[in-house]
Protein chains: 2
Amino acid sequence: MKRITLLLVAVVILAGIVAFTKPASIHADDSAAPIFVTTIPPGYRDWRLISVSHEAANLNSIGAVLGNDVAIKAYREGKLPYPDGTIIAALHYEHAPSAENNKVFGQAQSFVAGKPTNIQFMVKDSTKYAATGGWGFATFVDGKPAPAASMKSCFPCHNQTKANDLVFTHYAP
Amino acid sequence: MKRITLLLVAVVILAGIVAFTKPASIHADDSAAPIFVTTIPPGYRDWRLISVSHEAANLNSIGAVLGNDVAIKAYREGKLPYPDGTIIAALHYEHAPSAENNKVFGQAQSFVAGKPTNIQFMVKDSTKYAATGGWGFATFVDGKPAPAASMKSCFPCHNQTKANDLVFTHYAP
């Protein structure tokens, strides 16, 4: 009896895996469907600074935008579109008041990087990501890729800044 | 007559140089007087990220804090005090609303790095800057050092965070 139960459990798990992976394999053959970046580009925390940002309202985040060498070169030369190999990383943190700093300043004015909220990447590969303007998008939370469904909004939103090759962040001098 | 005028001009210039340099040479012998950093550390814009910050109220700035290799190593190892050779750079910009981003988001939520306001450095040299906790302080506006009088407040303020070796910024993961 126990064996049958275990077998049933195994079948249910397998069915779940097949159901979960099938859409992905269909998408791989469909060039119109978005492909997302699912591995964290190595070494990104050592990349150079592009700029900083603060999103108020619901996001309530403060962030640093970093670029790999290809990205920094392209930004500094001001040439668009960004070449293949460009990777841009947005490191987001809670926009956290700093009690420690405010005590010294004598007023509530200081906000710092709190708990990391997510890391987002844009990877330029005009062939692989042709369906999404040449960019592969990614969001990682606690080192794991966010659900694909949540990343479907990346391209339509970024596509509204076509004049900047889909990139929102400008270079800070 | 022309020669005498030129000679007089030269004497006046020399006297000016002597008068201007004398206080500096006195200070060099006076370990109690603060010494400020007056040249911009080369290559700082290529340094790695320590963290980001937002100062509201009068400052209204958003900033990136970068560190040279010695600084990044010390931060990642979490060892205090920071070793001689540590340099920390704070790049400050106007905390500027981004009309471009807000248009896409459909609401006023996005703030980016506006016009640069200043760049501040802390340089660790426990001998040279013994009078100010081992740190040399600097503020540059448009590439030029801020008046020495305006920098006298650096040390007393930073000295309030003695537990962090006078450094306010914590490392963002």
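Just so you know, these numbers come straight off a predicted model, no measurement behind them.

Digging into the overall build of chain A
The helix and strand tally for chain A stands at four helices and six strands. In sequence order, chain A lays out its α and β elements as α-β-β-α-β-α-β-β-β-α. By residue count, 42% of the 173 residues in chain A fall in the buried class. When contacts within chain A are restricted to residue pairs at least 6 apart in sequence, long-range pairs at least 24 apart make up 51% of them.

Quick word on the interface of chain A and chain B
With 41 residues of chain A in contact, the opposing surface of chain B contributes 41 residues. Counting the surface lost from both chain A and chain B, the interface buries some 3400 Å², and carbon and sulfur atoms represent 54% of this. Taken as a group, A:R45, A:V52 and A:V104 account for 18% of the area that chain A buries against chain B, more than any other trio of residues on that side. Here chain A and chain B share four salt bridges between them. Residues B:R76 and A:D46 are paired through a salt bridge, measuring 2.7 Å at the closest nitrogen-oxygen approach.

Here's the deal with the relation of the copies chain A and chain B
What relates the two chain copies is a rotation about an axis together with a slide along it. Between the two copies, chain A and chain B, the superposition gives an RMSD of 0.0 Å; the rotation angle is 180° and the shift along the axis is 0.0 Å. Both chain copies can therefore be described as sitting about a two-fold axis. Ranked by how close their C-alpha atoms come to the rotation axis, the residues of chain A are headed by A:R48, at 2.9 Å.

Regarding helix α2 (residues 69-77) of chain A
Residues and elements named next belong to chain A. Those residues of α2 that fall on the buried side of the exposure criterion are A71, I72, A74 and Y75. Across the axial projection of α2, the buried residues extend over an arc of 165°, all falling on one side. Those residues of α2 that are exposed and aimed more than 90 degrees away from the buried face are D69 and K73. Where α2 is buried, its residues meet β1 (48-55), β2 (61-67) and β3 (87-97). Positive phi appears at G78, one or two residues downstream of α2, with a value of about 65°.

Considering the pairing of strand β4 (residues 110-124) of chain A
Across 10 bridges, β3(A) lies against β4(A) in antiparallel orientation. Pairing of A:I88 across the sheet is with A:M122, part of β4(A). The sheet contact formed by β4(A) and strand β1 (residues 48-55) of chain B spans three bridges and is antiparallel. The residue bridging A:S110 from the neighbouring strand is B:E55, located in β1(B). Of the strand pairs in this sheet, β4(A) and strand β5 (residues 135-141) of chain A are connected by six bridges, and their pairing is antiparallel. Looking across to β5(A), one finds that A:V123 is bridged to A:G136.

Overview of the nonpolar core
A:F121 and B:F121 are the most contacted members of the largest nonpolar core, which totals 40 residues. Those residues in contact with B:F121, other than ones at most four positions away along the chain, are B:I40, B:P41, B:Y44, B:W47, B:I87, B:I88, B:A89, B:G136, B:F137, B:A138 and B:F140.

Structural notes on unusual backbone geometry
Residue A:P81 is bonded to the preceding A:L80 through a cis peptide linkage, with omega at -5°. Looking at the secondary structure, you find A:P81 in the loop between α2 and β3. Look at B:N60: it is not a glycine, yet its phi comes out positive at around 45°. A relative accessible area of 36% places B:N60 in the partly exposed class. Phi angles above zero are rare outside glycine, and B:D142 is one such case at about 50°. As for its position among the elements, B:D142 is in the loop between β5 (135-141) and β6 (144-145).

With respect to the confidence of the model for chain A
All names here are of chain A. Counting all residues, the mean pLDDT for chain A is 86, and 82% of those residues have values of 70 or more. The low-confidence segment residues 4-30, where pLDDT is below 50, has one contact with residues more than four positions distant or belonging to other chains. Here the prediction assigns the complex a pTM of 0.82, and the interface score ipTM is 0.81.

A few points about the layout of surface pockets
In this structure, the largest pocket occupies an estimated 940 Å³ of space. Taken together, 38 residues form the lining of the largest pocket, with A:H92, A:Q120, A:H158, A:F168 and B:F105 sitting closest to its centre. Elements supplying a minimum of two residues to the lining of the largest pocket: β1, β2, β3, β4, β5 and α4 (154-158) of chain A together with α3 (99-105) and β4 (110-124) of chain B. In terms of residues, the lining of the largest pocket owes the most to one element, β4(A), which gives five residues. Partitioned by chemical class, the residues of the lining of the largest pocket number 20 nonpolar, 16 polar and two charged.

As for the side chain of B:S110
Structurally, the position occupied by B:S110 is in strand β4. Once you skip the residues sitting within four places of it in the chain, B:S110 turns out to touch A:H54, A:E55, B:A96, B:P97, B:S98, B:N101, B:N102 and B:F105.

Notes on the environment of A:G143
Following the sequence through the fold, A:G143 ends up in the loop between β5 and β6 (144-145). When the C-alpha atoms of A:G143 and A:I40 are compared, they prove to be 7.7 Å apart, with 103 residues separating the residues in sequence.

The rules behind the values
- Residues numbered from 1 in each chain as written.
- Chains lettered and ligands numbered in written order.
- Predicted model: local features only at pLDDT ≥ 70, side-chain atom pairs only at ≥ 80, totals over all residues.
- Heavy atoms only, no water.
- Helix = DSSP H or I, 4+ residues; strand = E, 2+ residues; numbered from the N terminus.
- Buried < 20%, exposed > 50% of the residue type's maximum accessible area, 1.4 Å probe, protein only.
- Contact = heavy atoms within 4.5 Å.
- Buried area = accessible area lost by both parts, 1.4 Å probe.
- Salt bridge = Lys/Arg side-chain N within 4 Å of Asp/Glu carboxyl O.
- Least-squares fit on C-alpha atoms with pLDDT ≥ 70 in both.
- Arc of directions from axis to C-beta.
- Pairing = 2+ DSSP bridges.
- Core = buried A, V, L, I, M, F, W, Y, C linked by side-chain atoms within 4.5 Å.
- pLDDT = per-residue confidence, 0-100.
- 1 Å grid on protein atoms, 1.4 Å probe; cavity = no way out; pocket = protein on both sides within 12 Å on 5 of 7 lines; lining within 4 Å.
- Points joined across faces, edges and corners; volume = space filled by probe spheres on them.
- Nonpolar A, V, L, I, M, F, W, Y, C, P; charged D, E, K, R; others polar.

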